[in-house]
Amino acid sequence: CEMHRTPRRWFEKLFLVWKVYRCRNCMRRWYAWEFLGRIPAAIRHPGQRRAFFQDPSWQFVRHLAIAFMPAAILGLAFGGWIKAFLFAPIPVAIVLILGGVVILLVERWVAIRPQHVRVLEVDQMTNRDALRLGIAQAFALIPGTSRSGATIIGGMIFGLSRKSATEFSFFLAVPTLMAAGAYDLLKNWRLLHLEDVPMFLVGLVAAYLTALAVIRWLIRWVSQHSFNGFAVYRIVFGSLVLVIAYF
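Keep in mind it's a predicted model, so treat the numbers as computed, not measured.

Describe the overall build of the protein chain, naming the residues involved and giving the relevant values.
In terms of regular secondary structure, the protein chain is built from 11 helices and 0 strands. Walking the protein chain from its N terminus toward its C terminus, one meets helices and strands in the order α-α-α-α-α-α-α-α-α-α-α. Buried positions account for 36% of the 247 residues belonging to the protein chain. Contacts in the protein chain between residues at least 24 apart in sequence constitute 81% of all its contacts with a sequence separation of at least 6.

This is the structure we're talking about:
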């Protein structure tokens with residue numbers, strides 16, 4: 001129900017925000033507070049604006065903004081239609097199977113064409129790369145599609161290394177899912193009550209402990225291993241759903 005779905009989504013957002021904090025060493029010179037602290041000086045002093053806009057920190061934030069837009073625009077435009085017609089067992093099962101097949105094909109294609117990789121690090125991305133990854137992420141609006149999987153596989157198709165695609169997908173999740181959570185909260189704020197506070201506190205503590213334990217290992221593992229196992233899981237689970245739905 002809506003009442004339970006909204007707090008759950010905010011748990012996801014708290015988890016992601018804490019993951020960013022725990023992985024601040026991964027952000028290198030893009031660390032948000034250091035970047036935001038230079039904005040007032042750039043506004044006050046025209047001479048610093050050129051250096052500010054050429055800084056990799058600004059380029060990274062600009063790429064996140066570009067990549068965020070496709071899913072945001074399409075979600076606002078078609079979110080109601082997607083919920084009405086695609087949130088059902090059979091469409092989700094079909095998407096699971098098709099997504100698994102696509103992952104297997106892309107993994108095979110990338111394996112035999114290592115020369116296809118042209119972006120080894122996130123700071124080598126262009127605006128066009130960011131837009132392409134944003135379009136790939138927009139496929140996650142379709143129920144049954146993994147947001148991170150779509151973004152990483154899309155990045156690999158468009159010439160990003162597995163490592164750079166994984167890193168960018170991770171950071172892109174934060175504005176995307178927080179915006180989705182804020183939109184849900186605005187729509188359903190009347191369903192929240194004071195007695196929900198303990199649930200939020202439990203979710204925050206759980207996010208802290210989980211991120212503390214696994215997030216660095218998880219990002220490293222995803223960036224170094226193929227998605228073939230995940231693809232097989234999707235195909236098997238989607239097929240099982242179809243069998244149950246029809247028989």
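What follows picks up the thread again.
Account for the packing of aromatic side chains, with residues named and values stated.
Taken as a whole and assessed by the stated rule, the structure comprises 7 aromatic pairs. The interplanar angle of 40° and the centroid separation of 5.3 Å between the aromatic rings of Trp-81 and Phe-85 together place this pair among those described as tilted. Linking Trp-81 with Phe-85, this pair stays in helix 5 (residues 56-85), spanning 4 residues, or about one helical turn. On the basis of relative accessible area, Trp-81 is assigned to the partly exposed category, the value being 47%. Classification of Phe-85 by relative accessible area gives exposed; the value is 53%. Each residue in the set Phe-60, Phe-168, Phe-170 and Phe-171 is aromatic and connected to the rest through ring pairs, giving one cluster.

Give me the lowdown on the side chain of Arg-234, citing residues and values where you can.
Residue placement: Arg-234 occurs in helix 11 (residues 228-246). One buried charge, Arg-234, has no salt-bridge partner; the nearest side chain with opposite charge is Glu-107, at 12 Å. Those residues in contact with Arg-234, other than ones at most four positions away along the chain, are Val-95, Leu-96, Ile-97, Gly-99, Gly-100, Ile-103, Gly-144, Thr-145 and Ser-146.

How would you sum up the nonpolar core? Please name residues and give values.
Among the nonpolar cores identified, the biggest contains 27 residues, and Met-125 and Phe-168 are the most heavily contacted of them. Counting only elements with at least two residues in this core, the list comes to helix 5, helix 6 (89-112), helix 7 (127-138), helix 8 (147-157), helix 9 (162-188) and helix 10 (197-224). Excluding residues that lie within four positions of it along the chain, Met-125 makes contacts with His-63, Val-119, Ala-130, Leu-133, Leu-160 and Phe-168.

Tell me what's going on with helix 11, and back it up with residues and numbers.
With 19 residues, helix 11 extends 27 Å from end C-alpha to end C-alpha; this agrees with the ideal 27 Å at 1.5 Å per step. The complete set of buried residues in helix 11 reads Ala-231, Arg-234, Gly-238 and Val-241. Within helix 11, the buried residues cover an arc of 95° as seen down the axis, which keeps them to one side. The exposed residues of helix 11 that point more than 90 degrees off its buried face are Gly-229, Val-236 and Ile-244. Buried residues along helix 11 sit in contact with helix 6.

Let's hear about a nonpolar patch on the surface: which residues, and what values?
Together, Leu-74, Phe-78, Trp-81 and Phe-85 line one region of the surface with nonpolar side chains, adding up to about 440 Å² of accessible area. Looking at the secondary structure, you find Leu-74 in helix 5. Overall, the relative accessible area of 34% leaves Leu-74 in the partly exposed class.

Lay out the side chain of Asp-129 in plain terms, naming residues and giving numbers.
Structurally, Asp-129 can be placed in helix 7. Take Asp-129: its relative accessible area is 1%, and that puts it in the buried class. Here Asp-129 is in contact with Arg-118, Val-119, Gln-124, Phe-158 and Leu-160, once residues within four sequence places are set aside.

Describe the confidence of the model for the protein chain, listing the residues and the values that go with them.
When the pLDDT values of the protein chain are averaged, the result is 80; 77% of them are 70 or greater. Long-range and interchain partners of residues 24-33, a stretch whose pLDDT sits below 50, account for 16 contacts in this model, where long-range means more than four residues apart.

Any chance you could break down the environment of Gln-124 for me, citing the residues and the numbers?
Assignment of secondary structure puts Gln-124 in the loop between helix 6 and helix 7. Sequence separation between Gln-124 and Ser-164 is 40 residues; the distance between their C-alpha atoms is 9.2 Å. Apart from the residues lying within four places of it in its own chain, the contact partners of Gln-124 are Arg-118, Val-119 and Asp-129.

Report on the pattern of salt bridges, specifying residues and quantitative values.
Taken as a whole and assessed by the stated rule, the structure comprises 4 salt bridges. Between Asp-129 and Arg-118 there is a salt bridge, with its nearest N and O atoms 2.4 Å apart. Highlighted residues: Asp-129 in helix 7 and Arg-118 in the loop between helix 6 and helix 7, separated in sequence by 11 residues. One network of salt bridges, with partners in common, ties together Glu-121, Lys-163 and Glu-167.

Parameters at a glance
Residues numbered from 1 in each chain as written. Predicted model: local features only at pLDDT ≥ 70, side-chain atom pairs only at ≥ 80, totals over all residues. Heavy atoms only, no water. Helix = DSSP H or I, 4+ residues; strand = E, 2+ residues; numbered from the N terminus. Buried < 20%, exposed > 50% of the residue type's maximum accessible area, 1.4 Å probe, protein only. Contact = heavy atoms within 4.5 Å. Phe/Tyr/Trp six-rings, centres within 6.5 Å; stacked < 30°, edge-to-face > 60°. Lys, Arg positive; Asp, Glu negative; His and termini not counted. Salt bridge = Lys/Arg side-chain N within 4 Å of Asp/Glu carboxyl O. Core = buried A, V, L, I, M, F, W, Y, C linked by side-chain atoms within 4.5 Å. Expected span 1.5 Å × (residues − 1). Arc of directions from axis to C-beta. Patch = residues over 30% accessible without salt bridge, like charges linked within 9 Å, V, L, I, M, F, W, Y side chains within 5 Å. Areas by Shrake-Rupley, 256 points an atom, 1.4 Å probe, with all protein chains shown as cover. pLDDT = per-residue confidence, 0-100.

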